[in-house]
Amino acid sequence: MSNCEQPGLMPVEAALQRLLAMAEATPIVETQRVALAEAAGRVLAEPLIAGLDLPPWPNSAMDGYALRLADWTGEPLPVSQRIQAGSAPEPLQAGSCARIFTGAPMPLGADTVEMQENVVLGDDGRIRFSEPLQLGQNVRAQGQETRIGDEVLPVGTRLGPIELGLVASLGIAELSVRRRMRVAVLSTGDELVEPGQPLGPGQIYNSNRRLLIAWLQRLGCAVVDAGILVDDLERTRAALAALGDVDLILSTGGVSVGEADFLGVALREEGELALWKLAIKPGKPLTCGHFRGVPVIGLPGNPASTLVTFALLARPYLLRRLGVQRVEPLGFNVPAGFVWGKPGKRREYLRARLENGRVLPYPNQSSGVLRSAAWAEGFAEVLEGTTLAIGDTVRFIPLSEVLG
Ligand code: AMP
Ligand code: MG
C-alpha cells in the first residue's frame, strides 16, 4: 500500500472527493419530460413508481396444462378450455384441466401447471399427469416482480437499455429527466490541426477533441464544440467570451506550468483556477476552478492522460452533477501477467488487456500513445509504492465501465 505520498501530490481519491463535492454544490436541477423513445442515456429526475403489479395476474411459465391440485385424484383429466397468451380465460371447470401457453393468464381456480413434455394425451382426449406435481409449480404469481406502488428505480438512475425496458414493462411512455448538461470542449495548443487539414511543420492532429466530444455525447451531454484555442491571450479571451451558456468548460492541454498557458491566464482574469498535481500516471496536472461562475476542468493534453483523467475524475464529476450516485467504475482483482519492479510515487493506470485470466499491459505506456488504449480492454491499477510479481493481484477496471 501507499506510504509514499509526497507532499504536493494529491492522491486520486482526494481529487475525486473534491470534484464530487464541487459537483454536489452545483447540481443540474432543471428537469424536462421526455418520451420513452428519447430517454436513452438520460437521468431520472423522479423515482419510477409502479402503477401496476408485474405480472398483473398469475400466469403460466410453461406451455402445458393448468389444474387445481387439490381436485386431482391421480386420474386423467379432461381438457375444458384452451388459453393462449393474450386471452381472458373462463374459471376452471371442476375436475378438469386447461390447455395453457407460456404467459397466458391462469384460469380462476387453477393453481398448478404441468409442462407439456411431462403429460400423456390419451385416446379419450384426457390428460394423464405422469410426474409428481407440486402445488404452484410453473405459475408466475401476480406481483412477483413488482407490486403497485413500489419504487422500481430511484431518482438519479441513468436510463440504459435495461431501465428503458423496465419502464416500458410498466406501461410508462413519458419520463421526467434532468436536462442535458451543456459542456464546452476546448483544445489548446498552437501545434494542433484538425483531421482533413494538411500538417505543417511541428504540427499534430487534434485527437482529444474528438475523443471527448464522442465520450460526452455518450454520457448524454450537449456539447458546445469550442474548437482549438491558439496560444494567444486576446484570442483565448474572445473564445471564452463567445462560449455562451454552459454548465462546464472542459479543456485539454496547456495546464502544466507552461509559459504558453494563455487559457489559464484568461480564465483567472474572470474566475479562479487551481493547479492540482495528482498522484496519477498518466495525467499529473489537472486544473480546476471557475470562469464567470461556470465550473472549469482542465485536463492534461497528452491523449492517454486526457483519457485516464476524464475516465476517473471528470466522468464521475459530470454524472454526480446530474444526480447519479454510483459514479465510480467497478473493478475486479486479477492476477498480474507482468512484473512491476520499481515502486512508483504516482498511481498508474496501465492500458491493459486480459489474456488467459491475467492482466497484460500494452508495451508502450507513454502518455502520448492513445493506441495503447485502443488495444486495451481496461486499466490495470498499480498502486503507489507497490511492486508486483507475476500472479500478484492487481485491480482491473474495464474500459466498458467508463466509456458509457
Ligand atoms: P500540454 O498539456 O499543452 O503541454 O500538452 C501536452 C502534450 O499533449 C503535448 O505533446 C501536446 O502536443 C499534446 N496535446 C495537447 N493537446 C492535444 C490534443 N488536443 N490532441 C493531441 N495531442 C495534444
Ligand atoms: Mg499545449
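Here is a short report on the structure shown in this document. For clarity, every value in this text was computed on a predicted model and none was experimentally measured. (Residues numbered from 1 in each chain as written. Chains lettered and ligands numbered in written order. Predicted model: local features only at pLDDT ≥ 70, side-chain atom pairs only at ≥ 80, totals over all residues. Heavy atoms only, no water.)

1. Focus on the environment of Leu370
Residue placement: Leu370 occurs in the loop between strand 24 (358-361) and helix 7 (371-375). Excluding residues that lie within four positions of it along the chain, Leu370 makes contacts with Ser207, Leu211 and Pro303. (Helix = DSSP H or I, 4+ residues; strand = E, 2+ residues; numbered from the N terminus. Contact = heavy atoms within 4.5 Å.)

2. Considerations on the side chain of Arg315
By secondary structure assignment, the location of Arg315 is in helix 6 (residues 303-321). Here Arg315 is buried and forms no salt bridge, its nearest opposite-charge partner Glu401 lying at an N-O distance of 6.3 Å. Those residues in contact with Arg315, other than ones at most four positions away along the chain, are Arg158, Leu219, Phe310, Val327, Glu401, Val402 and Gly404. (Buried < 20%, exposed > 50% of the residue type's maximum accessible area, 1.4 Å probe, protein only. Lys, Arg positive; Asp, Glu negative; His and termini not counted. Salt bridge = Lys/Arg side-chain N within 4 Å of Asp/Glu carboxyl O.)

3. Things to note about unusual backbone geometry
Of note, the bond from Leu54 into Pro55 is cis; its omega dihedral lies within 30 degrees of zero at -10°. In this fold, Pro55 is placed in the loop between strand 2 (48-49) and strand 3 (59-60). Phi is positive for Asn138, close to 60°, though the residue is something other than glycine. Within the secondary structure, Asn138 sits in the loop between strand 9 (127-129) and strand 10 (139-140).

4. Some points on the site of ligand 1
Every one of the 16 residues lining ligand 1 counts as a neighbour, but Glu191, Asn206, Ser207, Gly254 and Asn302 are closest to it. At 2.6 Å, a backbone N or O of Gly254 approaches an oxygen atom of ligand 1. A distance of 3.2 Å separates a nitrogen atom of ligand 1 from a polar backbone atom of Gly301. Considering ligand 1 on its own, with 490 Å² of exposed area, one finds that the protein chains cover 76% of that surface. Elements with a contribution of two residues or more to the shell around ligand 1: strand 13 (182-188) and strand 15 (204-205). Taken together, the residues of the shell around ligand 1 break down into 4 nonpolar, 11 polar and 1 charged. (Near = heavy atom within 4 Å. Polar contact = N/O pair within 3.5 Å; in protein donor to acceptor, adjacent residues only side chain to side chain. Areas by Shrake-Rupley, 256 points an atom, 1.4 Å probe, with all protein chains shown as cover. Nonpolar A, V, L, I, M, F, W, Y, C, P; charged D, E, K, R; others polar.)

5. Some points on the layout of surface pockets
For the second largest pocket, the calculated volume is near 280 Å³. Taken together, 14 residues make up the lining of the second largest pocket; nearest its centre are Arg158, Arg315, Leu319, Val324 and Arg326. Put simply, the parts of the chain that give the lining of the second largest pocket at least two residues each are helix 6 and helix 8 (400-403). Residue composition of the lining of the second largest pocket, grouped by class: 5 nonpolar, 4 polar and 5 charged. (1 Å grid on protein atoms, 1.4 Å probe; cavity = no way out; pocket = protein on both sides within 12 Å on 5 of 7 lines; lining within 4 Å. Points joined across faces, edges and corners; volume = space filled by probe spheres on them.)

6. Some details on the pattern of salt bridges
Taken as a whole and judged by the stated rule, the model has 20 salt bridges. Of the charged contacts in the structure, one is a salt bridge between Glu13 and Arg347, with a shortest N-O distance of 3.1 Å. One end of the pair, Glu13, is in helix 1 (residues 12-25); the other, Arg347, is in strand 23 (residues 347-355), with 334 residues separating them in the sequence. Residue classification places Glu13 among the partly exposed positions, given a relative accessible area of 42%. Here Arg209 makes a salt bridge to Asp225, at a shortest N to O gap of 2.6 Å.

7. Regarding the sheet that holds strand 13
Read from one edge to the other, the open sheet built from 6 strands follows the order 16-13-17-21-20-18, with strand pairing classed as mixed. Both outer strands of the open sheet, strand 16 (222-229) and strand 18 (271-277), are each paired with one neighbouring strand and no more. Strand-to-strand twist in this sheet, taken as the mean axis angle between neighbours without regard to direction, amounts to 15°. Where strand 17 (residues 248-252) and strand 21 (residues 294-299) come together, 4 bridges link them in parallel fashion. Paired with Leu250 across the two strands is Ile297, which belongs to strand 21. The strands touched by helix 1 are strand 18, strand 20 (285-291) and strand 21; relative to strand 18, the strand with the most contacts, the crossing angle is about 160°. The sheet strands contacting helix 5 (residues 262-269) are strand 13, strand 16, strand 17, strand 18, strand 20 and strand 21, and the helix crosses strand 18 at an angle near 135°. (Pairing = 2+ DSSP bridges. Axes fitted to C-alpha atoms, helices over the stretch in contact; angles between N-to-C directions.)

8. What about the packing of helix 4 (residues 233-241) against helix 5?
As a packed pair, helix 4 and helix 5 sit with axes 9 Å apart at the nearest point and diverge in direction by 55°. Classified by the interaxial angle, the pair formed by helix 4 and helix 5 is oblique. Here helix 4 and helix 5 pass one another in a crossing that is right-handed. The residues of helix 5 that touch helix 4, namely those facing Leu233, Thr236, Arg237 and Leu240, are Phe262, Leu263, Val265, Ala266, Leu267 and Glu269. (Parallel < 35°, antiparallel > 145°, perpendicular 65-115°, else oblique. Left-handed = near helix turned anticlockwise from the far one by under 90°.)

9. Considerations on the nonpolar core
Ranked by internal contacts, the top residues of the largest apolar core, which has 46 residues, are Met181, Leu250, Phe310, Leu313, Leu318 and Phe379. Contributions of two or more residues to this core are made by helix 1, strand 13, helix 3 (208-218), strand 17, strand 20, strand 21 and helix 6. Residue contributions to this core peak at 10 residues, all from helix 6. Counting residues domain by domain, this core receives three or more from each of domain 1 (2-30 + 180-321) and domain 4 (332-401). Core analysis: the second largest hydrophobic core is formed by 15 residues, Leu44, Leu48, Leu164 and Leu170 among them. (Core = buried A, V, L, I, M, F, W, Y, C linked by side-chain atoms within 4.5 Å. Domains from an automatic or database assignment.)

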